[in-house]
Amino acid sequence: MNWDWSAVSDFMPDFWEGLLVTLQILVLGSLISFVLGLVWALLMRVPSRWVTWPVGAVTEFVRNTPLLVQLFFLFYVLPEWGLTFSALTTGVFAIGLHYSTYTMQVYRAGIEAVPAGQWEAATALNLPLRRTWTAVILPQAVRRVVPALGNYVIAMLKDTPMLMAITVLEMLGHARLFSQEHFQFTEPLTVIGVAFIVISYLASLALRVLERRLVH
Amino acid sequence: MSTDTLPNPEKNPTRSGGELIRLEQVTKRFGDHTVLDHLDFSVDAGKHVTLIGPSGSGKTTILRLLMTLTKPDEGTITVDGERLFPAPEKQVREVRKKIGMVFQQFNLFPNMTVLRNITEAPVTVLGMSKDAAEERARELLELVGLTDHLDKHPAQLSGGQQQRVAIARALAMRPQVLLLDEVTSALDPELVAGVLDVLRDIARSTDITMLCVTHEMNFARDISDQVLMFDSGRIIEAGPPEKIFSEPEKDRTREFLSAVL
């Protein structure tokens, strides 16, 4: 096996393009999963089976079917219903939706971990329900779940190459294209492997800083 | 000490001396266990009433029913002439404004500063301006002796300090009734006196109606107009503190007092 530095430098322009796409998927996918997961978690607390049953069924279904199947489904079936999006948009939505079914469980645990006394104090002060959620419960719940959400960001990073299946060229996609064109596999695959480690390390550092800032 | 921040008849009119709280035929069960059994009981405005009795006798349940933290299975609850139970949610919210509560575990909001803990409800519930609410919070903190801690978070305070903030927070809503649920039970012994002194001050200098569940019998003797002895969900003896503590009529009361005093 020969290591060729010139192959590395040849790959670099493609690599930067792929990195940008990977980071877009990661950042936007995370945001979607954070917001949507919270929405699911809150809907599951609505005291009506007409809400909790469908939300529970849909999220259970999404959580227990492969992301790859969901990617193909959204990419090939949505256009048949007249909904056409770019591959990247579809992929970001799919991965965000998939991970939201995990983050909802994290939020649920965080919400349930807020002591009953906090609800009781809010009742005793006559705070409206909405205000109780936004000012008392959620700030405490979210603080507790940041580490767990962070783990899903790292997991999502490792799933971003799946978007290759629906033609999104992220880091692995570019590495594969480059390899096939130049018959050089070692260098591009090594470069993106290192990039994955660096991104997840930086992400976990950022999360640790965030965690420390949230604990006053 | 400034007392104008506290409830008084002009600002928060109560039919002075009249009946403020009435429970009629209130029954509360948890599973098979009947905590309160067709209880009738009323409190006049401005009175300080202490509920004593063994644990599980239903004292705390009465406070929780009045604060609407739990619902009775039967019976009615009326506060200041208005129905609290059964009543539509909108009415419950109105009637509940008359009641404040201090909890055994303080239950301050850990994500807010001391100042915000106190101003949150006056601003969002009573619609006070932020400035007015903060000014009142400062006065109340002076009353409970905590002026230096405005910008701290609850976790930075001792249990006794947290409980005094909780008292200020409850008073900031100008309730007519203050419910005190074993407010010193979770405190280290050396911190109890500070909290009780604050409550004695409030009992002496305001006309707020107090319902107090406590194991601090000296405190109960100091502040109470009336002491109610509970056993198995019923009031078995009631009277002024001098009588209950010195010459109780019931053997059960005597037994209980000799065990706790």
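As recorded in an unreviewed UniProt entry, chain B goes by Ectoine/hydroxyectoine ABC transporter ATP-binding protein EhuA and comes from Streptomyces olindensis. In its Sequence similarities (unreviewed entry) section, the UniProt entry covering chain B states "Belongs to the ABC transporter superfamily."

Peer 1: How should the overall build of chain B be read in this particular structure?
Peer 2: Check the secondary structure of chain B and you find nine helices and 10 strands. Compactness check: chain B gives a C-alpha radius of gyration of 18 Å against a globular reference of 18 Å for 261 residues, within 12% of the reference. Each principal axis of the C-alpha distribution contributes one length, and for chain B these read about 50 × 45 × 35 Å. Burial analysis of chain B (261 residues in total) assigns 44% to the buried set. Restricting the contact set of chain B to residue pairs at least 6 apart, pairs at least 24 apart contribute 67%.

Peer 1: I tried to follow the sheet that holds strand β4 (residues 74–79) of chain B on my own but got confused; where do I start?
Peer 2: Either a parallel or an antiparallel arrangement is found when strands of a sheet pair, and the pairing is made through backbone hydrogen bonds. Residues and elements named next belong to chain B. If you walk across this open sheet you meet the four strands as β2-β1-β4-β5, and the pairing is antiparallel. Strands at the two margins of the open sheet, each flanked by one partner only, are β2 (33–44) and β5 (82–85). Sheet twist, expressed as the average angle between the axes of neighbouring strands with direction ignored, equals 25°. Here strand β1 (residues 19–30) runs beside β2; their pairing, made up of eight bridges, is antiparallel. When the bridges of β2 are listed, R29 appears paired with T34. Sitting on the sheet, helix α1 (residues 59–66) touches β1, β2 and β4, and the angle it makes with β1 is about 115°.

Peer 1: For this particular structure, what's the right way to read unusual backbone geometry?
Peer 2: Residues and elements named next belong to chain B. With an omega of -10°, the peptide bond running from F85 to P86 counts as cis. Here P86 lies in the loop between β5 and α2 (89–96). Even without glycine at this site, D80 takes up a positive phi of about 55°. You can see D80 is positioned in the loop between β4 and β5.

Peer 1: Would you take a moment to explain the sheet that holds strand β8 (residues 209–213) of chain B for this structure?
Peer 2: Residues and elements named next belong to chain B. Ordered by their spatial adjacency, six strands build an open sheet running β6-β7-β8-β3-β9-β10, and the pairing between neighbours is mixed. For this open sheet the edge positions go to β6 (99–102) and β10 (234–239), each flanked by a neighbour on one side alone. Each neighbouring strand pair of the sheet contributes to a mean axis angle of 20°, computed without reference to strand direction. Here five bridges tie strand β9 (residues 226–231) to β10, and the two strands are oriented antiparallel to one another. Pairing of D231 across the sheet is with R234, part of β10.

Peer 1: What exactly am I supposed to notice about the nonpolar core here?
Peer 2: Side chains that are nonpolar tend, in soluble globular proteins, to be buried together. Core analysis: the biggest nonpolar cluster contains 113 residues, and A168 and L179 of chain B have the highest contact counts within it. Per element, the largest residue contribution to this core is 10 residues, and it comes from helix α1 (residues 5–43) of chain A. Excluding its chain neighbours within four sequence positions, the residues that come into contact with L179 of chain B are L63, L66, M67, I99, G100, M101 and L211 of chain B.

Peer 1: What's the story with the domain arrangement of chain B in this structure? I'm lost.
Peer 2: For an interface, size is often stated in terms of accessible area lost upon the parts coming together. All names here are of chain B. Considered domain by domain, chain B is made up of domain 1 (17–98 + 175–185 + 192–261) and domain 2 (101–174). The distance between the C-alpha centroids of domain 1 and domain 2 comes to 24 Å. At the junction of the two partners, domain 1 supplies 14 residues and domain 2 supplies 12 residues. A breakdown of the residues in the side of domain 1 that touches domain 2 according to their chemical character gives nine nonpolar, two polar and three charged.

Peer 1: Whenever I open this one, the packing of helix α3 (residues 114–124) of chain B against helix α4 (residues 130–143) of chain B confuses me. Can you help?
Peer 2: Between two packed helices, both the angle of their axes relative to each other and the distance between the axes serve to describe the pair. All names here are of chain B. It is the contact of α3 with α4, at a shortest axis distance of 9 Å, that shows an interaxial angle of 130°. One way to sum up the angle between α3 and α4 is to call them oblique. For α3 against α4, the interelement crossing comes out right-handed. Residue-level inspection shows L115, I118, T119, P122 and V123 of α3 in contact with α4, the latter providing K130, A133, E134, R136, A137 and L140. The residue inventory of the contact of α3 with α4, partitioned by class, reads seven nonpolar, one polar and three charged.

Peer 1: It is not clear to me how the packing of helix α3 (residues 67–77) of chain A against helix α4 (residues 87–112) of chain A should be interpreted in this structure. Could you clarify?
Peer 2: All names here are of chain A. Close contact between α3 and α4 brings their axes to 9 Å; oriented N to C, the two are set at 140°. It follows from the interaxial angle that α3 and α4 lie oblique. The way α3 lies across α4 gives a crossing that is right-handed. Residues L67, Q70, L71, L74 and F75 of α3 pack against A87, T90, G91, F93, A94, I95 and H98 of α4. Looking at side-chain class alone, the contact of α3 with α4 contains eight nonpolar, four polar and no charged residues.

Reading the values: rules and limits
- Residues numbered from 1 in each chain as written.
- Chains lettered and ligands numbered in written order.
- Predicted model: local features only at pLDDT ≥ 70, side-chain atom pairs only at ≥ 80, totals over all residues.
- UniProt positions renumbered as here; feature names shortened; annotations may be inferred.
- Helix = DSSP H or I, 4+ residues; strand = E, 2+ residues; numbered from the N terminus.
- Rg over C-alpha atoms; globule rule 2.2 N^0.38 Å.
- Buried ≥ 20, exposed ≤ 12 C-beta atoms within 10 Å, placed from the backbone.
- Contact = placed C-beta atoms within 7 Å.
- Pairing = 2+ DSSP bridges.
- Axes fitted to C-alpha atoms, helices over the stretch in contact; angles between N-to-C directions.
- Core = buried A, V, L, I, M, F, W, Y, C linked by C-beta atoms within 7 Å.
- Domains from an automatic or database assignment.
- Nonpolar A, V, L, I, M, F, W, Y, C, P; charged D, E, K, R; others polar.
- Parallel < 35°, antiparallel > 145°, perpendicular 65-115°, else oblique.
- Left-handed = near helix turned anticlockwise from the far one by under 90°.

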